[in-house]
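# Coordinates in review
Listed below are the residues making up each chain.
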Amino acid sequence: MATLSNDTRCAQQLVPSGLLNTAVGAPGLSLKMTLFMNACAFLVKVFTLPLQIAEVIGLMSIYKRVFPLIVYKFSFSYNDKMNESKRELFRNLEKFFPAKGSLRILELGCGSGANFEHYPTGCRITCIDPNPHFQKYLEKSMAKNDHLVYDSFILASGENLKAVESNAMDVVVCTLVLCTVQDTQKVLQEAKRVLRPGGAFFFLEHVVSDPSSWIYFFQHVLQPFWYYFGDGCETTRATWKQLEAAGFSDLQLRHIQAPLFFMIKPHIVGYAVK
């Protein structure tokens, strides 16, 4: 699918977050198709009722222990398929090295450390993730990527970076994270706060597809199940809109079609300068 133009992106409606993620009157869809899509999504939501109950009574906490292993295994395939996109993105890190000292990188939602291999030698890394069960997989990546200096692992969400001082980082990295956060704008504002003036926020995220596509249809229909499978992941977010509204001085953003499972094919990649 071709990259969306600015006019097309601006014309799209922001899809509400949540389990159902319906899109009544979505551009590119007829009323009948929209109603059919919402009806299908409702049926899928009904089928996920046991998962909803499990979440309410706390049983989904068991899955949070297993999820890091799934992500760790998935990261090998993702990195292989997205290697060129990541290499192209992280080549831009050299633009943000400080005049003196090492490049300071804060990685939000570091997971199992799948990005470490792309960072230049000598970078100082601070890792943040809200799931403590990622740590043993993160340590494996640290041992494998000993060309970096690891300062700390902070157990926190992207909305709450109070453990990091303002203007302390040259770069903040966020890959496959903004699809799960509770408050995207809060995460972006916190990222801006911890970045030094002239620092950059690097991102690689899957997003909602063009409303005229079948991918868009199935993203919305299957979202109620995907939410639980992906530990809160939402495939229906127009994340580029939050980035455009975040107040960065410069935004370099591209829409790409990743060689991945159709639900997460649409991606945005780039960086935003404070």
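Residues numbered from 1 in each chain as written. Predicted model: local features only at pLDDT ≥ 70, side-chain atom pairs only at ≥ 80, totals over all residues. Heavy atoms only, no water.

### Digging into the sheet that holds strand β5 (residues 195-206)
Rule in force here: When DSSP finds two or more bridges between a pair of strands, those strands are recorded as paired. Where helices and strands are cited, they refer to DSSP runs of H or I of at least four residues and of E of at least two residues respectively, numbered from the N terminus. Helix axes are fitted to C-alpha atoms over the stretch in contact, other axes to C-alpha atoms as well, and angles between N-to-C directions run from 0 to 180 degrees.
Spatial ordering of the open sheet is given by β3-β2-β1-β4-β5-β7-β6, a layout of 7 strands whose pairing is mixed. Two strands lie at the open edges of the sheet, namely β3 (149-155) and β6 (250-257), each paired on one side alone. Taking the axes of each pair of neighbouring strands and ignoring which way they run, one obtains an average angle of 15 degrees across the sheet. As paired strands, strand β2 (residues 124-129) and β3 are joined by 6 bridges and run parallel to one another. Paired with Ile125 across the bridge in β3 is Tyr150.

### Observations concerning the packing of aromatic side chains
Which entries qualify depends on this criterion: Only rings of Phe, Tyr and Trp enter the pairing, Trp through its six-membered ring, and a pair is recorded when the two centres are within 6.5 Å. The plane angle decides the type: under 30 degrees is stacked, over 60 is edge-to-face, the rest tilted. Burial classification: accessible surface area is computed with a 1.4 Å probe over protein chains only, and a residue below 20% of its type maximum counts as buried, one above 50% as exposed, and the rest as partly exposed. Ring-over charges, as used throughout, are those where CZ of Arg or NZ of Lys falls within 6 Å of the ring centre and within 35 degrees of the ring normal.
Taken as a whole and assessed by the stated rule, the structure comprises 23 aromatic pairs. Taken together, a centroid distance of 5.3 Å and an interplanar angle of 75 degrees make the contact between Trp214 and Phe217 edge-to-face. Here Trp214 pairs with Phe217, and both are found in helix α8 (residues 214-229), just 3 residues apart, close to one helical turn. Owing to a relative accessible area of 56%, Trp214 belongs among the exposed residues under this scheme. Through a chain of ring-to-ring contacts, three or more aromatic side chains come together here, namely Phe36, Trp214, Phe217, Phe218, Phe225, Trp226, Phe229, Phe261 and Phe262. Above the face of the Phe248 ring, Lys192 is positioned so that its terminal group lies 5.7 Å from the ring centre.

### What about the pattern of salt bridges?
Put simply, the rule is: Each reported salt bridge corresponds to a side-chain nitrogen of Lys or Arg within 4 Å of a carboxyl oxygen of Asp or Glu.
Within the structure shown, the criterion is met by 8 salt bridges. Put simply, Arg104 and Asp170 hold a salt bridge, and the shortest N to O gap is 3.0 Å. Taken together, the positions of Arg104 in strand β1 (residues 104-108) and Asp170 in strand β4 (residues 169-175) put the pair 66 residues apart, joining distant regions of the chain. Accessibility expressed as a relative area gives 29% for Arg104, which makes it partly exposed. Salt bridges sharing common partners tie together Arg104, Asp170 and Arg196.

### So, the nonpolar core
Soluble, globular proteins show a tendency: their nonpolar side chains are buried together. Cut-off, in case you're wondering: Side-chain atoms within 4.5 Å link the members of a nonpolar core, which is a set of buried Ala, Val, Leu, Ile, Met, Phe, Trp, Tyr and Cys residues. Contacts between residues were defined by any pair of non-hydrogen atoms, one from each residue, lying within 4.5 Å.
In terms of nonpolar packing, the biggest core is built from 37 residues, with Leu106, Leu108, Val172 and Phe201 touching the most fellow members. Sorting the residues of this core by element identifies α2 (31-47), β1, β4, α7 (184-194), β5, α8, α9 (239-244) and β7 (266-273) as the ones contributing at least two each. No other element matches α7, which puts 4 residues into this core. Apart from residues no more than four positions distant in its own chain, Leu108 is found in contact with Ile128, Leu161, Val172, Val173, Cys174, Val177, Val187 and Phe201. In this structure, Tyr119, Trp226, Ala258 and Leu260 belong to the second largest nonpolar core, which totals 33 residues.

### Quick notes on the packing of α2 against α8
The following threshold applies: Here the angle decides the label: under 35 degrees means roughly parallel, over 145 means roughly antiparallel, 65 to 115 means roughly perpendicular, and every other value means oblique. When the near helix sits turned anticlockwise from the far one by under a right angle, the crossing is termed left-handed; a clockwise turn instead gives a right-handed crossing. When residues are sorted by character, Ala, Val, Leu, Ile, Met, Phe, Trp, Tyr, Cys and Pro go into the nonpolar class, Asp, Glu, Lys and Arg into the charged class, and all the rest, Gly among them, into the polar class.
Where α2 meets α8, the axes come as close as 6 Å, and the angle between the chain directions of the two elements is 25 degrees. The angle between the axes of α2 and α8 places the two elements in the roughly parallel class. As α2 runs across α8, the sense of the crossing is right-handed. Touching Met33, Phe36, Met37, Cys40, Ala41, Val44 and Lys45 of α2 are Trp214, Tyr216, Phe217, His220, Val221, Pro224 and Phe225, all from α8. Class assignment of the residues belonging to the contact of α2 with α8 gives a composition of 12 nonpolar, 1 polar and 1 charged.

### A few points about the confidence of the model for the protein
Definition in use: Each residue carries a pLDDT value, the predictor's own confidence for that position, ranging from 0 to 100.
When the pLDDT values of the protein are averaged, the result is 90; 90% of them are 70 or greater. This stretch, residues 1-25, has a pLDDT under 50; its non-local contacts, to residues over four places away or in other chains, come to 60 contacts.

### Focus on the side chain of His206
Position of His206 among the secondary structure elements: in strand β5. In this structure, His206 is in contact with Leu176, Cys179, Cys233, Glu234, Thr235, Ile264, Pro266 and His267, ignoring residues within four places of it in sequence.

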